[in-house]
Amino acid sequence: MHPDIEALFDDAESRYLKIEELGILNQYVDSLPERLETYRQLRNREVEIMQPVADELEAALPNVSQDNLERSLKNAILLLRYCAMAMLLNDEAFVRNRLLNWVEKAAQAYNTRPIDSILYPLLERKLGQILTPQQMGFLSPPLTLAKNALLDPASVS
Amino acid sequence: MISITDLLTDNRIPGNYFASDAYVQGDLELGLLENRRGERLLALPEMLLQGIYAGLEKETGQASRLVLYNCGRWWGKNFYARFCEELTDYYQTPMADMPMVEFIQCLEQCWVTHGWGRIKLDHSYQDRGFLVVTITNSPFIKHAPKGDQPVGFLEAGALCSFFSQLTGRELHCVQTTCESMDADSNRFVLGLPKRLEPAETMVTNLDHDAIMQQLCQS
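Scoring rules and cut-offs
Residues numbered from 1 in each chain as written. Chains lettered and ligands numbered in written order. Predicted model: local features only at pLDDT ≥ 70, side-chain atom pairs only at ≥ 80, totals over all residues. Helix = DSSP H or I, 4+ residues; strand = E, 2+ residues; numbered from the N terminus. Buried ≥ 20, exposed ≤ 12 C-beta atoms within 10 Å, placed from the backbone. Contact = placed C-beta atoms within 7 Å. Expected span 1.5 Å × (residues − 1). Pairing = 2+ DSSP bridges. Axes fitted to C-alpha atoms, helices over the stretch in contact; angles between N-to-C directions. Core = buried A, V, L, I, M, F, W, Y, C linked by C-beta atoms within 7 Å. Bend = angle between axes of the 7 residues up to and from the residue.

S.K.: What is the right way to read the overall build of chain A from this model?
M.R.: For chain A, the helix and strand inventory stands at eight helices and zero strands. Beginning at the N terminus, the succession of helices and strands in chain A can be written as α-α-α-α-α-α-α-α. Looking at the 157 residues of chain A, the share that counts as buried comes to 30%. At a minimum sequence separation of 6, the contacts of chain A that also span at least 24 residues come to 73%.

Set out below in structure tokens:
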């Protein structure tokens, strides 16, 4: 859950929420149907999104071993799944706490940046074709965070 | 040709198993903290830890270091078995096939999630037969009675048996720097007992780099 909303529930332990606090909650609840729809799209069309990315990635990097390409693609699938959940919860921290540190280290250890720097723009382009601008707006914050962690770790920490 | 469908075995891609918010769960109604497999976790009161140190010191004096080292060995042995079991279950890969990079990453995350501080492996002396493990913010060292030498006996024992089992060789562990002596971190050196023994006497008067230099020369 978004930290602001979580804090709001904690603060309201022994009192009613203030009007402006209810406003924050309302805003999130209003955005939920569209967030759910975005999640549904990502969930149902995962292969449809990722397969063209895989094909283009292979074509762009013919000399890179299949193992390395597959490792980066698997990471991207995992990241997108986490980003989808973070988007649904409206909580970037979900990606940050659960995954970023993790994929960042793996990316460093296996030196996947040359692959990832081509993969993520391809993925973003594909997502832009499938999602509406509003849906993309919901997904962008966690996705950008994840992408930056892989491509430019200094910018995130 | 890469097929995304083939990459998704059982439609599941394992992630960060020890991520703290996923790993620590509990049945609060029954007063239980649990890990994600339903095994019990507990929060150790600082005062209890201090009490154990004080009690041991009073009852066994100098020998308390050895007692703690041996307790650590017991901990490390069982920790290794459980750690491997959890990883094998979650990643569905036999331990032998798990890449070392991921194994170490899991260990680092596991350490953090249990609140044991931050552990890091330093491989710079690996070709000389030594592994250096660095732990910062150790709760076990923070509450140990201070002295004129490192006091991380619990961890030294635990690391010793953990890495002995991992490598299949009987290793020894000596701590060279200690947070209790105002060092920036706790450094533990692991190696074969014969080669590491001389370090035991060096820790009181030499710094980590000097100890490593001497060890590597011998």
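S.K.: Sorry if this is basic, but what is going on with helix H3 (residues 46-60) of chain B here?
M.R.: One full turn of an α-helix is made of 3.6 residues, so residues set three or four places apart face in the same direction. The first and last C-alpha atoms of H3 of chain B sit 21 Å apart over 15 residues, in line with the 21 Å expected at 1.5 Å per residue. Once H3 of chain B finishes, Gly 61 of chain B follows within two positions and takes phi at roughly 60 degrees, a positive value.

S.K.: Would you explain the sheet that holds strand S6 (residues 172-177) of chain B in this entry?
M.R.: What holds strands together in a sheet is hydrogen bonding between their backbones, with the strands either parallel or antiparallel. All names here are of chain B. Taking strand neighbours across the sheet as the criterion, the four strands line up as S4-S5-S7-S6 in an open arrangement whose pairing is antiparallel. Each edge of the open sheet is held by one strand with a lone partner, namely strand S4 (118-122) and S6. Sheet twist, expressed as the mean angle between neighbouring strand axes with direction ignored, is 25 degrees. Pairing geometry for strand S5 (residues 131-136) and strand S7 (residues 186-191), over five bridges, is antiparallel.

S.K.: I'm lost on unusual backbone geometry in this one. Help?
M.R.: Glycine aside, the phi torsion of most residues is negative, and most peptide linkages are trans. Residue and element names in this part refer to chain A. Unlike most non-glycine residues, Asn 90 shows phi in positive territory, near 55 degrees. The phi torsion at Asn 111 lies on the positive side, around 50 degrees, for a residue other than glycine. Checked against the element boundaries, Asn 111 lands in the loop between helix H5 (93-110) and helix H6 (113-130).

S.K.: Whenever I open this one, the sheet that holds strand S3 (residues 40-41) of chain B confuses me. Can you help?
M.R.: Residues and elements named next belong to chain B. An order of S1-S2-S3 is seen for the three strands of this open sheet, with the pairing classed as antiparallel. Each edge of the sheet is formed by a strand with only one pairing partner; in this case those strands are strand S1 (25-27) and S3. Examined bridge by bridge, strand S2 (residues 32-34) and S3 share two bridges and lie antiparallel to one another. Of the residues in S3, the one forming a bridge with Glu 34 is Arg 40.

S.K.: How should I be thinking about the interface of chain A and chain B in this particular structure?
M.R.: Quite often, the size of an interface is put as the accessible area lost when its parts meet. Each partner contributes residues to the interface: chain A has 19 residues there, and chain B has twelve residues. Of all the secondary structure elements, the ones that give two or more residues to the side of chain A that touches chain B are helix H3 (46-60), helix H4 (66-89) and H5 of chain A.

S.K.: Looking at this structure, how should I read the nonpolar core?
M.R.: One broad trend across soluble globular proteins is that nonpolar side chains are buried collectively. Counting residues in each nonpolar core, the largest one holds 38 residues, and the members touching the most others are Leu 159, Cys 173, Val 189 and Leu 190 of chain B. Only helix H4 (64-91), helix H5 (100-113), S5, helix H6 (139-142), helix H7 (153-167), S6, S7 and helix H10 (208-217) of chain B provide two or more residues apiece to this core. The leading source of residues in this core is H7 of chain B, at eight residues. When near neighbours in sequence (up to four residues on either side) are disregarded, Cys 173 of chain B contacts Ala 156, Leu 159, Cys 160, Phe 188, Val 189 and Leu 190 of chain B. By size, the runner-up hydrophobic cluster in this structure holds 36 residues, among which are Ile 49, Leu 73, Ala 86 and Trp 102 of chain A.

S.K.: Help me out: how do you make sense of H5 of chain A in this one?
M.R.: All names here are of chain A. End to end, H5 covers 25 Å across 18 residues, agreeing with the expected 26 Å (1.5 Å per residue, within 8%). The sharpest bend along H5 comes to roughly 50 degrees, located at Leu 99. Looking one or two residues past H5, Asn 111 carries a phi angle of roughly 50 degrees, positive in sign.

S.K.: What should I look at first to understand the environment of Thr 112 of chain A in this one?
M.R.: Residues and elements named next belong to chain A. Considering the arrangement of structural elements, one finds Thr 112 in the loop between H5 and H6. The exposure class assigned to Thr 112 is buried, which follows from the 22 C-beta atoms found within 10 Å. Residues Thr 112 and Arg 71 lie 41 residues apart in sequence; the distance between their C-alpha atoms is 8.5 Å. Excluding residues that lie within four positions of it along the chain, Thr 112 makes contacts with Asn 68, Arg 71, Ser 72 and Ala 107.

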